[in-house]
Amino acid sequence: MNLFFKDLKKLLPIGGIVLYPFFVFLIFGFFYVPSTYGYLKEIVAFGLFSVILFVTIFLFKPLKIRNFLFDFLIVLLSILIIVKLFFYSTYETKLSTSALYVIFESNKGEISGYFYDFIKTSKVLFVLMFLFGILFFVKKYLRDKGTLNLSDIPLLCFTNGIAKIFVLIFVVLSSMLIYKKFNDENILIEIYNSYAEYVDLKTKLKNTLAKEKSDYIKLVSKLDVAQTYVVVIGESTSSWHMQLYDYARETNPLLSEIKDELIIFKDVIAPHVHTIASLEKILTMSDYSNPNVKENSSIIQIANEAGFTTYWLSNQQPIGIDESIPTLIGNAAQHKYFINTDDYGDNVYDEKLLPQLQNILNEDVTKKMVFVHLMGTHTPYKRRYPKEFQFFNNDSGFKLKVNEYDNAIRYNDFVIRNIIEKVRELETNSYVLYFSDHGDEVYDTMDFFGHNEYHATKPMYEVPFIFWFSKGYKKNISHIKESDLLLERKYNLENFVHSFSDVSQINFNRLDSTKSIFSNKFKESKRLIKKGIDYDKD
Ligand SMILES: [Zn+2]
């Protein structure tokens, strides 16, 4: 019995250190994890995970290996806890698949942009102290003084016989339990699953969408007159902050000037609130009921099929961990221009696209389809507009981020108007169609800025959808009625392919006019988001 207590005495400091990250989470998690159930689940999952790793160490006999594994274990558990707490404290949610997608999709520049606003120096310092503090403590005070001796604790002598078998069974069974019941709480499993899903999606896209033509589209009819069409894909721009959508501040002075020429659809949502997931649906035939199947051709492939010369002009960086999904889709274009290709190119303003757009518009091509992918109003907002565009100032009584976002929106207004004017100058049969991939919440309905699907709010879903057309185009659109009824139509951009084909006079085998917001055959359908929530009901 005495021996048992002696062992226990040795075990206490070791266990205390192993469970230190767990205790940190126990305390901070209590304040950060939004639901009690979620908190308890996290604690059980993390506690179990810590214990599994801990006992695994003692399956090895050599002290060197044990010490090494012990240090590794502490660092690993600490990092996991730091990441968990970071997400809970910043987003009030756990690390999610959608958040991981953003990270997989990002290169260094974007990641620094993404975290730029969130990581405060104090947080970094806290993290470093946490990590190095505990390692230093282990090394200097415990191991060197002999308090932390992983070698001779009979209670944990699992290296021989039946004990080893029992421990192995425990490790296997509890690992299975974590994998089955707590896989959402275990960051490592979540990263692995999301990454596998992501790689699979990309392989599929690469084999189908990145090709110039799709095997699954059959053209029914097309026009062979001169056409110059420009589709502008915005970024993180919510209609909630646009003057054109009744926002109280002057964020659209230039588009407001030509408001009478614009068809402004008032009730349009993005299918998701993250770029990748959203654009995958908007730019292809993929939608809520048919996600990611190989038959889901893209609007670029449709344009190619209809004999357009296609251009993909982007201010978003083309390289993620491999190639990002919008880039893969853009690869189907016959001509591709990425003006933001270096790692530090975070500050390339969208107006830098305009000279290249002018070159494209000047090209002697009868049927042109230009896709312009903006950086738009993506966080960090203040890096999206030049100094001259700082219009809303901090003495206005608004929050700093709201001012920055509104300045970015106002700059975006300048870019879109410029694009329209360049197309107008051509005096040909043309349109400019603008929408955003999703919006951002900027303290509109909750104390948060940015976008996160777990906590998605209306400003994150509700996006501008604006159509301008030339005099030459007007004769093509006899079927478009400019009534208020049309503008009020409830629309989910996951059906964009059909609207796009409709206004571009492309008829193909899978065109569904009831899904074109411009068509007189249009029928409103349920707008499903997340895992089947009706946007208009819940
Ligand atoms: Zn986006």
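In this text, all values refer to a predicted model and were calculated from it rather than measured experimentally. (Residues numbered from 1 in each chain as written. Predicted model: local features only at pLDDT ≥ 70, side-chain atom pairs only at ≥ 80, totals over all residues. Heavy atoms only, no water.)

Student: What is the right way to look at unusual backbone geometry in this model?
Tutor: Glycine aside, negative phi is the norm for most residues, and most peptide bonds take the trans geometry. With an omega of -10°, the peptide bond between Thr 379 and Pro 380 qualifies as cis. Tracing the sequence through the fold places Pro 380 in the loop between strand S7 (367-373) and helix H15 (400-425). In this model, Tyr 443 sits at a positive phi of 60°, which is unusual for a non-glycine residue. Note that Tyr 443 resides in the loop between strand S9 (441-442) and strand S10 (449-450). Judged by relative accessible area, Tyr 443 falls into the partly exposed class, the value being 27%. A positive phi angle, close to 60°, is found at Gln 505, a residue other than glycine. (Helix = DSSP H or I, 4+ residues; strand = E, 2+ residues; numbered from the N terminus. Buried < 20%, exposed > 50% of the residue type's maximum accessible area, 1.4 Å probe, protein only.)

Student: Even after reading the chapter, I still don't get the pattern of salt bridges, so can you show me in this structure?
Tutor: Two side chains with opposite charge may pair up if their charged atoms get near one another. Scanning the entire structure with this criterion turns up 15 salt bridges. Across the pair Asp 406 and Arg 249 runs a salt bridge, and its minimum N-O distance is 2.8 Å. Taken as a pair, Asp 406 in helix H15 and Arg 249 in the loop between strand S2 (227-234) and helix H10 (253-257) lie far apart in primary sequence, 157 residues in all. Each member of the pair Asp 406 and Arg 249 is classed as buried. A salt bridge links Glu 421 to Arg 417; the shortest N-O distance between them is 2.8 Å. Here Arg 417 and Glu 421 lie together in helix H15, a separation of four residues that amounts to about one turn. Arg 417 sits in the buried class, given a relative accessible area of 15%. Three or more residues joined by partner-sharing salt bridges are found here, namely Glu 257, Glu 261, Arg 417, Glu 421 and Arg 424. (Salt bridge = Lys/Arg side-chain N within 4 Å of Asp/Glu carboxyl O.)

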